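# Per-entry structural report
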Amino acid sequence: MKTILNIIWLVLCGFWMAVGYVLAGIVCCILIITIPFGIASFRIANYALWPFGRTVVRDPRAGAASTIGNIIWLIFAGIWLAIGHVVTGIALCITIIGIPLGIASFKMVPVSLLPLGAQIIPSDARLEPPVRRTL
């Protein structure tokens with residue numbers, strides 16, 4: 001079922017969303033100081049192409065640099081990409097068949113707003129708690 005939904009997603013909106021992320025990533029990589037944003041954008045472009053069967057989790061070890069980077073990303077690129085996901089999600093939810101695709105589009109809004117400190121993992125992956133070492 002995931003494969004069928006991913007193929008329908010790719011044809012209807014996944015390709016264009018991925019193109020938006022790739023364009024944002026290229027612009028970020030041209031400006032040398034924003035290369036981490038470009039890498040995050042390319043990672044999300046891959047997720048936008050094939051979202052079903054994968055999920056986004058926040059890394060609890062992400063620090064202050066990630067937070068500052070997310071604020072900068074939100075102002076310059078994140079809000080526009082999130083608007084694209086919301087508009088696409090609303091358009092997809094008009095039909096009954098498009099409702100799962102619309103939900104997937106809405107699911108991408110948080111990662112498009114705040115991509116740094118987020119990991120994209122398979123949905124069935126078992127999350128292990130971080131190992132704490134004491135002295």
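Since the structure is predicted, the reported quantities are computational estimates derived from the model, not experimental observations.

### Focus: the UniProt feature "transmembrane region" (unreviewed entry) in the chain
Taken from the UniProt record, the annotation "transmembrane region" (unreviewed entry) applies to residues 7-24, 62-83 and 89-106. Each end of residues 7-24 is marked by a C-alpha atom, and these two atoms are 24 Å apart; helix forms 100% of the span and strand 0%. The span residues 89-106 carries 67% helix and 0% strand; its end-to-end C-alpha distance comes to 6 Å.

### Digging into the side chain of Ser 41
Position of Ser 41 among the secondary structure elements: in helix H2 (residues 35-49). Setting aside its immediate chain neighbours within four residues, Ser 41 contacts Tyr 21, Val 22, Ala 24, Gly 25 and Trp 73.

### Considering the packing of aromatic side chains
One pass over the full model with this rule turns up three aromatic pairs. With 5.0 Å between their ring centres and 75° between their planes, Phe 15 and Trp 16 make a pair best called edge-to-face.

### Things to note about the nonpolar core
Judged by nonpolar contacts, the single largest core of 25 residues is most densely connected at Trp 9, Tyr 21, Phe 52, Trp 73 and Leu 101. The set of elements that each furnish at least two residues to this core consists of helix H1 (2-30), H2, helix H3 (64-92) and helix H4 (99-107). Among residues more than four places away in sequence, those in contact with Tyr 21 are Ser 41, Ile 44, Ala 45, Ala 48, Leu 81, His 85 and Ser 112.

### A short note on the side chain of Ser 66
Within the secondary structure, Ser 66 is located in helix H3. Contacts of Ser 66, omitting those with residues within four sequence positions, involve Leu 116 and Gly 117.

### Some details on the UniProt feature "domain: Inner membrane component" (unreviewed entry) in the chain
Under the local residue numbering, the UniProt record ascribes the feature "domain: Inner membrane component" (unreviewed entry) to residues 4-54 and 68-117. In the segment residues 4-54, helix accounts for 82% and strand for 2%; the C-alpha atoms at its two ends are 14 Å apart. Counting secondary structure, residues 68-117 comes out at 78% helix and 0% strand; the distance between its end C-alpha atoms is 11 Å.

### Some remarks on the environment of Phe 52
Structurally, Phe 52 can be placed in the loop between H2 and strand E1 (54-58). For the pair Phe 52 and Gly 25, spaced 27 residues apart in sequence, the C-alpha separation works out to 22 Å. Discounting residues that sit within four places of it in the chain, Phe 52 has contacts with Lys 2, Leu 5, Asn 6, Trp 9, Pro 100, Leu 101 and Ala 104.

### Side note on the packing of H3 against H4
The geometry of H3 relative to H4 is characterised by a closest axis approach of 7 Å and an angle of 165° between their N-to-C directions. Between H3 and H4, the crossing angle belongs to the class labelled roughly antiparallel. For the crossing formed where H3 meets H4, the hand is left-handed. Mapping the contact onto sequence places His 85, Val 86, Thr 88, Gly 89, Ile 90 and Leu 92 in H3 and Ile 99, Leu 101, Gly 102, Ser 105 and Phe 106 in H4. When the residues that make up the contact of H3 with H4 are grouped by side-chain class, the tally is six nonpolar, five polar and no charged.

### Brief notes about H1
In a regular helix each residue adds 1.5 Å, so 29 residues correspond to 42 Å; H1 covers only 35 Å between its end C-alpha atoms and thus falls short of that length. Along its length, H1 shows its largest kink, about 65°, at Leu 10. Looking at H1, one finds that the buried residues are Leu 5, Asn 6, Trp 9, Cys 13, Gly 14, Met 17, Ala 18, Tyr 21, Ala 24, Gly 25 and Cys 28. On the buried face of H1, the contacting elements are H2, H3, H4 and helix H5 (109-113).

About the criteria used
Residues numbered from 1 in each chain as written. Predicted model: local features only at pLDDT ≥ 70, side-chain atom pairs only at ≥ 80, totals over all residues. Heavy atoms only, no water. UniProt positions renumbered as here; feature names shortened; annotations may be inferred. Helix = DSSP H or I, 4+ residues; strand = E, 2+ residues; numbered from the N terminus. Contact = heavy atoms within 4.5 Å. Phe/Tyr/Trp six-rings, centres within 6.5 Å; stacked < 30°, edge-to-face > 60°. Core = buried A, V, L, I, M, F, W, Y, C linked by side-chain atoms within 4.5 Å. Buried < 20%, exposed > 50% of the residue type's maximum accessible area, 1.4 Å probe, protein only. Axes fitted to C-alpha atoms, helices over the stretch in contact; angles between N-to-C directions. Parallel < 35°, antiparallel > 145°, perpendicular 65-115°, else oblique. Left-handed = near helix turned anticlockwise from the far one by under 90°. Nonpolar A, V, L, I, M, F, W, Y, C, P; charged D, E, K, R; others polar. Expected span 1.5 Å × (residues − 1). Bend = angle between axes of the 7 residues up to and from the residue.

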